[in-house]
Amino acid sequence: MTYAIEAHELAKRFKGGVVALDGVSFAVEEGSVFGLLGPNGAGKTTVVRILTTILGTDGGSATVLGHDVSREPDLVRSLFGLAGQYAAVDENLTGRENLVMVGRLNHLPRKVAERRAAELLEEFELVGAADRTLKTYSGGMRRRIDLAAALVTRPSVLFLDEPTTGLDPQSRAGLWAVIESLVGAGTTVLLTTQYLEEADRLASRVAVVDNGRVISQGTPDELKAALGATVLAVGLHDAATAERAERALAPLSEKSPHRSGTAVELPVDGGPRIAMEALRVLDQLGIEPVTFVLREPSLDDVFLALTGRSAEGAAGEGVSVAPGSSEVGAAPQARPGRSAGARR
Amino acid sequence: MSATARSVETGSQADGFGARLVWAVSDTFVLTRRNLVKYVRIPESLFFSSVQPVMFVLLFRYVFGGAIRTPGVSYVNYLIPGIFVQTMAFGAVNTAIGLAEDLQKGIIERFRALPMARSSVLAARTLADLLRNVGVAVLIAAVGFAVGFRIGTNVAAFLAGIGMILVFAYALSWGFAVIGLFAPNSETAQVMSFPVLFPLTFASSAFVPVASMPSWLQGFASHQPVSVAVDAARALMVGGPTTSAVWQSVAWSVGIVVVLAPVAVRRYRTST
Ligand SMILES: Nc1ncnc2c1ncn2[C@@H]1O[C@H](COP(=O)(O)OP(=O)(O)O)[C@@H](O)[C@H]1O
Ligand SMILES: [Mg+2]
């Protein structure tokens with residue numbers, strides 16, 4: 001088996017004592033999509049920045065296509081494409097100029113860079129906007145140009161850091177289609193995401209990252225098997241009723257229920273059948289639920305199953321799960337960094 | 001959107017010192033062009049950054065000038081060499097602002113992940129601001145002649161004066177690059193630049209003779225690099241003993257680059 005990307009015990013500590021990575025190891029098979037799944041602050045971007053030679057490590061090692069990222073950074077930089085969490089494009093240039101510039105900085109001859117830019121604008125349906133400055137682009141268009149810039153050299157390894165965070169569902173679906181077509185063409189992709197749904201749809205293997213550590217690794221199906229195929233979320237009038245409901249519902253699933261406040265969540269394998277049974281059990285006890293939802297498991301459920309904590313709790317925000325929501329941390333976050341003084 | 005073929009289309013990779021140098025020059029050229037495009041694409045910024053030096057000329061020529069005594073030389077001839085230096089020193093602040101902005105917006109993050117010469121980001125930034133200053137010099141010359149400035153030496157010496165000021169401003173760019181690389185964002189970079197810029201440009205011989213200042217200030221005002229550059233420029237453009245003044249100014253420029261360029265480069269390499 002050949003691995004396109006290997007990370008071995010990566011460690012990173014930032015000034016101010018933040019331990020961003022605490023021994024992260026994984027390997028990505030050539031031609032596959034590997035997902036790093038984790039909440040905000042887990043260390044995903046730090047992993048990507050180390051693998052793309054932007055950041056040095058404080059421990060461990062990593063290779064891209066067999067080349068050590070810290071010993072052969074110049075060579076490694078010519079092997080991959082990177083689309084970051086924040087579209088790193090030049091607002092004052094047009095879409096075409098951005099792509100040509102990246103081509104030229106990859107040392108493509110001018111003519112080749114121009115031809116390649118035209119091809120990519122076509123592929124990403126940006127021909128109409130090609131000669132407008134990026135200031136006029138929507139968020140989704142910027143992401144597309146950013147992704148296009150990562151593909152200028154047709155790299156065989158691609159790093160995508162939260163490619164769809166903050167995008168509307170339509171733009172997200174569009175980007176997913178692009179990523180899927182890339183994989184069909186044999187590109188190795190390392191993708192980071194906060195969405196279980198995204199990892200499930202795109203990745204063939206997933207590592208769940210929490211606090212700078214990989215807490216679980218496997219195929220999305222293995223991950224979901226540990227969770228149950230669906231989650232039954234029941235909202236009750238008060239905490240006491242919720243406690244009774246929790247006890248009553250527990251025998252219905254092999255997985256244990258989780259209660260927070262007036263909400264009870266139960267990972268289940270057999271959706272509707274268990275839902276009917278649950279209603280019957282509750283009815284017998286004279287409990288009338290306020291809300292009753294069957295939903296797809298989310299990153300939060302992965303976290304509950306793996307750590308007993310919620311994902312947002314891990315990010316230090318402590319927001320409880322809203323019944324019916326299938327995404328956690330979907331809100332676009334403010335860019336961390338220089339202006340907030342957090343990165344220095 | 002169709003699938004992208006997998007064949008690798010990497011550019012030729014640098015091997016050997018010669019090839020690396022060629023690529024470093026090419027990368028610098030590409031980025032310099034990109035930096036200059038910004039100045040052209042934001043016409044408001046171009047307009048107002050040209051208005052400011054014109055206002056300075058008019059203000060000092062017609063408002064303050066009458067009250068300033070400059071023995072042996074008309075005030076307009078005294079003023080214009082000073083305006084050249086002051087305006088180009090102000091122009092060097094763009095280096096700080098531009099770098100801070102690129103860091104803030106994440107575009108330098110992309111550059112760091114490309115197989116390009118690492119030195120080219122700083123080289124292109126300072127080069128773009130040098131070229132911008134050439135434009136500024138043409139503007140000041142035009143305005144200067146329009147308000148009555150006359151060359152007291154000869155055209156060659158006048159052009160040599162402009163060249164010397166450009167070298168000086170280029171050196172200052174490296175100083176402001178350091179500020180830009182330490183600043184958390186472009187607004188702060190600008191604000192951080194002023195406490196450096198104002199004493200240097202105004203407590204200098206650019207607008208008034210140093211002899212008119214209080215004695216405690218004269219020591220600083222007559223030896224600091226902006227005054228040295230202004231005195232040299234005045235000698236070249238209007239007249240006076242040139243050799244020592246020009247060498248002193250060039251020495252300052254070289255000194256600033258030798259000391260501050262390595263600081264900027266180290267900061268660029270280690271900041272993440
Ligand atoms: N440049 C930096 N300086 C200090 N701390 C940082 C820096 N970059 C990231 N961190 C911290 O490291 C941890 C991991 O961050 P990051 O890799 O960005 O997480 P993710 O991408 O999963 O949201 C966070 O606690 C974050 O605050
Ligand atoms: Mg991140």
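For clarity, every value in this text was computed on a predicted model and none was experimentally measured.

**Student:** Help me out: how do you make sense of the overall build of chain B in this one?
**Tutor:** On a plain count of helices and strands, chain B comes out with 11 helices and 0 strands. Element order for chain B, N to C, with α for helix and β for strand: α-α-α-α-α-α-α-α-α-α-α. Principal axes of the C-alpha set define a box for chain B whose edges measure 75 × 35 × 35 Å. Put simply, chain B has 272 residues, and 52% of those count as buried.

**Student:** I keep staring at the site of ligand 1 and nothing clicks. Help me out?
**Tutor:** Residue and element names in this part refer to chain A. Inspection of the region around ligand 1 gives 13 residues, with Gly 41, Gly 43, Lys 44, Thr 45 and Thr 46 positioned closest. Interatomic distance of 3.3 Å between a side-chain N/O atom of Asn 40 and an oxygen atom of ligand 1. Thr 45 is positioned such that a nitrogen or oxygen atom in its side chain is 2.7 Å from an oxygen atom of ligand 1. Considering every element that reaches the shell around ligand 1, the biggest residue donor is helix 1 (residues 44–51), with 3 residues. For the shell around ligand 1, a count of residues per class yields 6 nonpolar, 5 polar and 2 charged.

**Student:** Just to check I follow, could you spell out the layout of surface pockets for this structure?
**Tutor:** The probe, sized like a water molecule, is rolled over the atoms to show the empty space still left. All names here are of chain B. Put simply, the second largest pocket is a space of about 560 Å³. For the second largest pocket, the lining is made up of 23 residues, of which Ser 49, Asn 94, Ile 97, Arg 132 and Gln 190 are closest to its centre. Of all the secondary structure elements, the ones that give two or more residues to the lining of the second largest pocket are helix 1 (17–41), helix 2 (43–64), helix 3 (75–91), helix 4 (93–105), helix 6 (120–146) and helix 8 (186–202). Among the residues making up the lining of the second largest pocket, the classes are represented as 9 nonpolar, 9 polar and 5 charged.

**Student:** Would you explain helix 2 of chain B in this entry?
**Tutor:** Count 3.6 residues to each turn of an α-helix, and residues three or four apart come out pointing the same way. The end-to-end C-alpha distance of helix 2 of chain B, which contains 22 residues, comes to 30 Å, matching closely the 32 Å that a straight helix rising 1.5 Å per residue would cover. Where helix 2 of chain B is buried, its residues meet helix 3, helix 6 and helix 8 of chain B.

**Student:** In this structure, what is going on with the pairing of strand 13 (residues 263–268) of chain A? I would like to understand it.
**Tutor:** When a strand is regular, its side chains alternate between the sheet's two faces. All names here are of chain A. For strand 13, a buried count of 6 out of 6 residues is recorded, marking the element as mostly surrounded by other parts of the structure. Here strand 13 shows two buried faces, one formed by Ala 263, Glu 265 and Pro 267 and the other by Val 264, Leu 266 and Val 268. As defined by bridge partners, strand 11 (residues 230–235) adjoins strand 13 across 6 bridges and the pair is classed as antiparallel. Note that in strand 13 the partner of Thr 230 across the bridge is Val 268. Turn length for the strand 12 (residues 258–260)-strand 13 hairpin, with the two strands adjacent in sequence and antiparallel, is 2 residues, and the turn residue Gly 261 shows positive phi of about 65°.

**Student:** Looking at this structure, how should I read a nonpolar patch on the surface?
**Tutor:** A contiguous nonpolar surface patch, about 460 Å² in accessible area, is contributed by Leu58(B), Leu59(B), Tyr62(B), Val63(B) and Phe64(B). Mapped onto the secondary structure, Leu58(B) falls in helix 2.

**Student:** Would you mind showing me how to read the packing of aromatic side chains here?
**Tutor:** In this description, a pair of aromatic rings is defined by centroid distance and the angle of the planes. Across all of its chains, the model carries 19 aromatic pairs over all chains by this definition. Taking the centre distance of 5.1 Å and the plane angle of 15° together, the rings of Phe26(A) and Phe34(A) count as stacked. Exposure class is identical for Phe26(A) and Phe34(A). Each is buried. Seen from their ring centres, Phe145(B) and Phe149(B) are 5.7 Å apart, and the 45° between their planes marks the pair as tilted. Grouping aromatic residues by their ring pairs yields a cluster made of Phe56(B), Phe60(B), Phe64(B), Phe90(B), Phe194(B), Phe198(B), Phe202(B) and Phe207(B). For Arg267(B), the ring lying beneath its charged end belongs to Phe182(B), and the centroid distance is 4.1 Å.

**Student:** Would you mind showing me how to read the packing of helix 7 (residues 155–182) of chain B against helix 11 (residues 243–270) of chain B here?
**Tutor:** A pair of packed helices can be characterised by two numbers: the angle between their axes and the separation between those axes. Residue and element names in this part refer to chain B. Remark: helix 7 packs on helix 11, axes separated minimally by 8 Å, with the N-to-C direction vectors making an angle of 25°. Classified by the interaxial angle, the pair formed by helix 7 and helix 11 is roughly parallel. The handedness of the crossing between helix 7 and helix 11 is left-handed. Each of Met 164, Val 167, Phe 168, Ala 171, Leu 172, Trp 174, Gly 175, Ala 177, Val 178, Leu 181 and Phe 182 in helix 7 lies in contact with helix 11, whose residues at this interface are Ser 249, Ser 253, Ile 256, Val 257, Leu 260, Ala 261, Val 263, Ala 264, Val 265, Arg 267 and Tyr 268. Counted by class, the contact of helix 7 with helix 11 contains 18 nonpolar, 3 polar and 1 charged residues.

**Student:** Looking at this model, I keep getting lost on the pairing of strand 2 (residues 19–29) of chain A. Mind explaining?
**Tutor:** All names here are of chain A. In terms of strand pairing, strand 1 (residues 3–13) meets strand 2 through 8 bridges, oriented antiparallel. Within the sheet, the bridge partner assigned to Ala 11 lies in strand 2 and is Asp 22. In textbook terms, the turn of a hairpin is the stretch between consecutive antiparallel strands, and for strand 1 and strand 2 this stretch comprises 5 residues, one of which, Gly 16, has a positive phi near 95°.

**Student:** Please explain the sheet that holds strand 2 of chain A as it appears in this structure.
**Tutor:** Hydrogen bonds between backbone groups are what pair the strands of a sheet, and the pairing can be parallel or antiparallel. All names here are of chain A. Strand order in the open sheet formed by 4 strands is 2-1-4-5, with antiparallel pairing between adjacent strands. Looking at which strands have only one partner, the edges of the open sheet turn out to be strand 2 and strand 5 (67–68). As defined by bridge partners, strand 4 (residues 59–64) adjoins strand 5 across 2 bridges and the pair is classed as antiparallel. The partner of Val 64 across the bridge, within strand 5, is His 67. Here helix 1 sits on the sheet in contact with strand 1, strand 2 and strand 4, set at roughly 65° to strand 2.

**Student:** Teacher, can you tell me more about the interface of chain B and chain A here?
**Tutor:** Interface size is commonly expressed as the accessible area that is lost once the parts come together. At the interface, 46 residues of chain B touch 52 residues of chain A. For the pairing of chain B and chain A, the buried interface totals around 4700 Å² over both sides, and the portion due to carbon and sulfur atoms is 51%. Of the charged contacts in the structure, one is a salt bridge between Arg49(A) and Glu109(B), with a shortest N-O distance of 2.6 Å. At the junction of chain B with chain A, the criterion picks out 8 residue pairs in polar contact (both at pLDDT 80 or more). Secondary-structure elements contributing two or more residues to the side of chain B that touches chain A are helix 1, helix 4, helix 5 (107–112) and helix 7 of chain B. Considered class by class, the residues forming the side of chain B that touches chain A number 20 nonpolar, 13 polar and 13 charged.

**Student:** Just to check I follow, could you spell out the packing of helix 4 of chain B against helix 7 of chain B for this structure?
**Tutor:** Residues and elements named next belong to chain B. Relative orientation of the contacting elements helix 4 and helix 7 amounts to 30°, with a least axis distance of 7 Å. Regarding the angle of helix 4 to helix 7, the classification is roughly parallel. For helix 4 against helix 7, the interelement crossing comes out right-handed. On the side of helix 4, the interface is formed by Val 93, Thr 95, Ala 96, Leu 99, Ala 100 and Leu 103, while helix 7 contributes Ser 173, Phe 176, Ala 177, Ile 179, Gly 180 and Leu 181. The residue makeup of the contact of helix 4 with helix 7, split by class, is 9 nonpolar, 3 polar and no charged.

**Student:** Looking at this model, I keep getting lost on the nonpolar core. Mind explaining?
**Tutor:** Grouped burial of nonpolar side chains is what soluble globular proteins tend to show. Of all hydrophobic cores here, the largest spans 71 residues; its most connected members are Leu99(A), Leu147(A) and Phe111(B). At 6 residues, the largest contribution of residues to this core is made by helix 5 (residues 139–150) of chain A. Setting aside its immediate chain neighbours within four residues, Leu99(A) contacts Ala117(A), Leu120(A), Leu121(A), Ile145(A), Ala148(A), Ala149(A) and Val152(A). Listed in part, the 56 residues of the second largest apolar core include Leu79(B), Phe84(B), Ala92(B) and Ala183(B).

What counts, and where the lines are drawn
- Residues numbered from 1 in each chain as written.
- Chains lettered and ligands numbered in written order.
- Predicted model: local features only at pLDDT ≥ 70, side-chain atom pairs only at ≥ 80, totals over all residues.
- Heavy atoms only, no water.
- Helix = DSSP H or I, 4+ residues; strand = E, 2+ residues; numbered from the N terminus.
- Buried < 20%, exposed > 50% of the residue type's maximum accessible area, 1.4 Å probe, protein only.
- Near = heavy atom within 4 Å.
- Polar contact = N/O pair within 3.5 Å; in protein donor to acceptor, adjacent residues only side chain to side chain.
- Nonpolar A, V, L, I, M, F, W, Y, C, P; charged D, E, K, R; others polar.
- 1 Å grid on protein atoms, 1.4 Å probe; cavity = no way out; pocket = protein on both sides within 12 Å on 5 of 7 lines; lining within 4 Å.
- Points joined across faces, edges and corners; volume = space filled by probe spheres on them.
- Expected span 1.5 Å × (residues − 1).
- Contact = heavy atoms within 4.5 Å.
- Pairing = 2+ DSSP bridges.
- Patch = residues over 30% accessible without salt bridge, like charges linked within 9 Å, V, L, I, M, F, W, Y side chains within 5 Å.
- Areas by Shrake-Rupley, 256 points an atom, 1.4 Å probe, with all protein chains shown as cover.
- Salt bridge = Lys/Arg side-chain N within 4 Å of Asp/Glu carboxyl O.
- Phe/Tyr/Trp six-rings, centres within 6.5 Å; stacked < 30°, edge-to-face > 60°.
- Lys NZ or Arg CZ within 6 Å of the ring centre and 35° of its normal.
- Axes fitted to C-alpha atoms, helices over the stretch in contact; angles between N-to-C directions.
- Parallel < 35°, antiparallel > 145°, perpendicular 65-115°, else oblique.
- Left-handed = near helix turned anticlockwise from the far one by under 90°.
- Buried area = accessible area lost by both parts, 1.4 Å probe.
- Core = buried A, V, L, I, M, F, W, Y, C linked by side-chain atoms within 4.5 Å.

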